[in-house]
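Here are the chains, one letter per residue:
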Amino acid sequence: MVDILQVSILGLTLIGLVIGVLLLRKWKSGYQGEVNYRAFYIIGVTFLPAGVALSASTRNPGFFGMSSLGAVYLAIALANRDKWKQ
């Protein structure tokens, strides 16, 4: 008898394989996308306070990692502010 966990693992594996094949095709064709530094800013502005709030409300210091990631994203975005898309 098939368990729901087995079906979920099989589904996620198939999705991962499809994504991997698509990324491999893009990589072999020489596609080089541009980095959207404004997206780094938006993610950083979201992650930094969310990590602090979640850490304070749950008393779980593990969420400070989320805050640190937000700070890193903000630093990357602000260092490359001249390359933001208008």
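A few points on the structure. What you see as residue numbers is a count from 1 along each chain, following the sequence as written. This being a predicted model, a pLDDT of at least 70 is required before a residue's local features are given, and a value of 80 or more before pairs of side-chain atoms are given or counted; all residues contribute to the totals for chains, interfaces and linings. Note that the side-chain values use all heavy atoms of the structure and ignore hydrogens as well as water.

### As for helix H1 (residues 4-28)
Part 1: Under the scheme used here, helices are H or I runs from DSSP no shorter than 4 residues and strands are E runs no shorter than 2 residues, and both carry numbers assigned from the N terminus. Multiplying 1.5 Å by the residue count of a helix minus one yields the expected span of that helix. For H1, built from 25 residues, the straight-helix expectation of 36 Å at 1.5 Å per residue is met to within 8% by its first-to-last C-alpha distance of 36 Å.
Part 2: Where H1 terminates, the next one or two residues include Gly30, which has phi positive at roughly 85°.

### Quick notes on the side chain of Ser55
Part 1: Take Ser55: it is sitting in helix H2 (residues 37-58).
Part 2: Look at Ser55 and you get buried, because its relative accessible area is 7%.
Part 3: N or O atoms closer than or at 3.5 Å make up a polar contact, with two conditions inside protein: a donor-capable atom paired with an acceptor-capable one, and, for residues adjacent in sequence, both atoms drawn from side chains. Looking at Ser55, its side chain comes within polar contact range of the main-chain oxygen of Asn60, at 3.2 Å.
Part 4: Contacts: residue pairs with any heavy atoms within 4.5 Å of one another. Ser55 has contacts with Asn60, Pro61, Phe63 and Phe64, leaving out every residue within four places of it along the chain. To sort residues, take the accessible area from a 1.4 Å probe on protein chains only and compare it with the maximum for the residue type: under 20% means buried, over 50% means exposed, and anything in between is partly exposed.

### A few points about the side chain of Asn80
Part 1: Looking at where Asn80 falls in the secondary structure, it is placed in the segment after helix H3 (64-79).
Part 2: A distance of 3.0 Å separates the side chain of Asn80 from the backbone oxygen of Ile76, its partner in a polar contact.

### Some remarks on the packing of aromatic side chains
In this description, a pair of aromatic rings is defined by centroid distance and the angle of the planes.
Part 1: The criterion for an aromatic pair is that two Phe, Tyr or Trp rings (for Trp, the six-membered ring) have centres within 6.5 Å, with stacked assigned to planes under 30 degrees apart, edge-to-face to planes over 60 apart and tilted to the rest. Taken as a whole, this structure holds 4 aromatic pairs when the rule is applied.
Part 2: Ring centres 5.3 Å apart and planes at 45° place the aromatic pair Tyr41 and Trp84 in the tilted group. Taken as a pair, Tyr41 in helix H2 and Trp84 in the segment after H3 lie far apart in primary sequence, 43 residues in all.
Part 3: Overall, the relative accessible area of 32% leaves Tyr41 in the partly exposed class.
Part 4: Among the aromatic residues, those joined into a ring-pair cluster are Tyr37, Phe40, Phe47 and Tyr73.
Part 5: Lysine and arginine charges are scored as sitting over a ring when NZ or CZ, respectively, is within 6 Å of the ring centre and within 35 degrees of the ring normal. It is Arg81 that lies over the ring of Trp84; its NZ or CZ is 5.0 Å from the centre.

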